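The chain contents come next:
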Amino acid sequence: MIEVTHLTKRYRATTAVDDLTFTAAPGTVTGFLGPNGAGKSTTIRAVVGLERPTSGSARVNGQSYADLRAPLQEVGTMLDGRNAHPGRTALGHLLGLARSHGIARARVDQVVELAGLGSVVRRRVGTFSLGMGQRLGIAAALLGDPPTLVLDEPVNGLDPDGVRWIRHLLRALAAEGRTVLLSSHLMSELAETASRVVVIGRGRLLADEDLRSLVAATARAGVVRARASDPAPLARALERGGATVTMPESDLIEVTGADAGSVGALAAQLGLTLHELSTVSGTLEEAYLGLTADAVEYRTGTETAR
Ligand SMILES: Nc1ncnc2c1ncn2[C@@H]1O[C@H](COP(=O)(O)OP(=O)(O)OP(=O)(O)O)[C@@H](O)[C@H]1O
């Protein structure tokens with residue numbers, strides 16, 4: 001469990017995080033998103049004890065990070081995949097971490113296996129690709145078998161296979177009852193992995209919602225698209241029934257206020273053959289762009305003014 005409560009962090013003139021409150025709950029992958037400079041990294045750094053809040057608090061499993069007796073066993077973190085010394089082997093790095101935290105060698109072998117690092121574990125970290133470095137970061141985060149995980153951009157640099165691997169891994173870890181807080185700029189990936197999303201902009205909370213309801217609330221979600229050689233009679237009939245219809249293409253109508261079933265039934269009554277009948281589902285990207293439009297405009301404005 002991660003509890004961020006009225007967290008504020010100021011650096012001289014910059015307020016990086018501004019009275020931010022949210023909870024990342026056990027059993028859930030919580031996506032953490034926001035435009036560049038929104039305050040995500042600062043928040044995450046406060047959660048893992050690398051920043052001291054100006055006011056408010058960030059607690060992990062009910063305690064502030066500094067009070068955790070065995071941090072690696074409480075919260076696994078991956079803030080930068082390349083935090084291992086380049087001259088050490090991956091195995092040396094993990095063994096060193098394990099030894100300093102009283103973690104058994106068998107667990108090192110387990111996480112090596114889990115991260116798919118078996119064939120490269122004796123190589124020096126300096127020779128690792130970005131993706132291998134990310135896998136090593138994840139292996140290190142999992143070493144203490146922690147109930148809580150905080151991962152900053154973990155899919156950065158991973159190939160499609162790696163992206164899929166991490167998606168399954170994080171979902172499985174949440175299904176075991178763990179808390180997973182995950183920041184990423186890859187909307188499609190977050191949409192596949194997270195079930196809850198926290199969106200921030202300019203250090204402030206913009207949304208803390210179930211992913212599905214956030215996406216379902218986007219402007220175009222629920223719009224029905226119907227394609228026919230001449231959809232005009234269908235459009236008129238739908239409008240008579242109270243629906244709103246636009247015709248973006250000569251053979252396509254988009255309908256608000258009627259579901260696909262009734263559009264299809266009406267087309268059948270009119271003897272029209274439909275070539276397409278679909279319901280638009282919103283995307284996380286649309287929801288995100290709608291939420292953060294102001295935050296991004298603000299940033300652009302200040303940058304231009306400089
Ligand atoms: N050590 C620091 N000193 C001064 N300002 C800082 C410091 N760290 C962050 N900031 C500022 O705080 C704001 C939030 O930065 P932060 O890195 O938390 O954003 P972010 O959401 O993680 O961005 P990105 O998506 O680009 O990683 C930015 O304006 C940044 O310039």
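Calculation notes
- Residues numbered from 1 in each chain as written.
- Predicted model: local features only at pLDDT ≥ 70, side-chain atom pairs only at ≥ 80, totals over all residues.
- Pairing = 2+ DSSP bridges.
- Helix = DSSP H or I, 4+ residues; strand = E, 2+ residues; numbered from the N terminus.
- Contact = placed C-beta atoms within 7 Å.
- Axes fitted to C-alpha atoms, helices over the stretch in contact; angles between N-to-C directions.
- Near = placed C-beta within 6 Å.
- Nonpolar A, V, L, I, M, F, W, Y, C, P; charged D, E, K, R; others polar.
- Buried ≥ 20, exposed ≤ 12 C-beta atoms within 10 Å, placed from the backbone.
- Expected span 1.5 Å × (residues − 1).

Section: the sheet that holds strand β1 (residues 2-11)
The strands making up a sheet are joined through hydrogen bonds of the backbone, oriented either antiparallel or parallel.
In step 1: Strand order in the open sheet formed by 4 strands is β2-β1-β4-β5, and the pairing between neighbours is antiparallel. Since the sheet does not close on itself, it has two edges, and those belong to β2 (14-24) and β5 (63-64), each with one partner.
In step 2: Bridge analysis of β1 against strand β4 (residues 55-60) gives 5 bridges, and the strand direction is antiparallel. Considered in β4, the bridge of Glu3 is made with Arg59.
In step 3: Packed onto the sheet, helix α1 (residues 40-47) meets β1, β2 and β4 and runs at close to 120° relative to β1.

Concerning the site of the ligand
In step 1: Every residue close to the ligand is listed here: Tyr11, Thr14, Ala16, Gly34, Asn36, Gly37, Ala38, Gly39, Lys40, Ser41 and Thr42.
In step 2: For the shell around the ligand, the elements supplying multiple residues, two or more each, are β2 and α1.
In step 3: Tallying contributions element by element places α1 first for the shell around the ligand, with 3 residues.
In step 4: Grouping the amino acids of the shell around the ligand by side-chain chemistry returns 3 nonpolar, 7 polar and 1 charged.

So, the environment of Thr15
In step 1: Among the structural elements, Thr15 can be located in strand β2.
In step 2: The spatial distance from the C-alpha of Thr15 to the C-alpha of Thr30 is 24 Å, given a sequence separation of 15 residues.
In step 3: Setting aside residues up to four positions removed in sequence, Thr15 forms contacts with Thr8, Arg10 and Gly203.

Brief notes about α1
In step 1: In terms of burial, α1 is largely enclosed, as 7 of its 8 residues are buried.
In step 2: For α1, the set of buried residues is Lys40, Thr42, Thr43, Ile44, Arg45, Ala46 and Val47.
In step 3: Immediately beyond the C-terminal end of α1, within one or two residues, lies Gly49, with a positive phi of roughly 75°.

Here's the deal with helix α5 (residues 130-142)
In step 1: Taking 1.5 Å per residue as the helical rise, α5 with its 13 residues ought to reach 18 Å, and the 19 Å between its terminal C-alpha atoms agrees with that figure.
In step 2: Across the 13 residues that make up α5, a large majority, 11, are buried.
In step 3: Taken residue by residue, α5 has Met132, Gly133, Gln134, Arg135, Leu136, Gly137, Ile138, Ala139, Ala140, Ala141 and Leu142 as its buried positions.
In step 4: Elements in contact with the buried residues of α5: β6 (75-78), α3 (90-100), α4 (105-114), β7 (148-152) and α6 (160-175).

Honestly, that's just the spatial picture; any functional story needs more than this.
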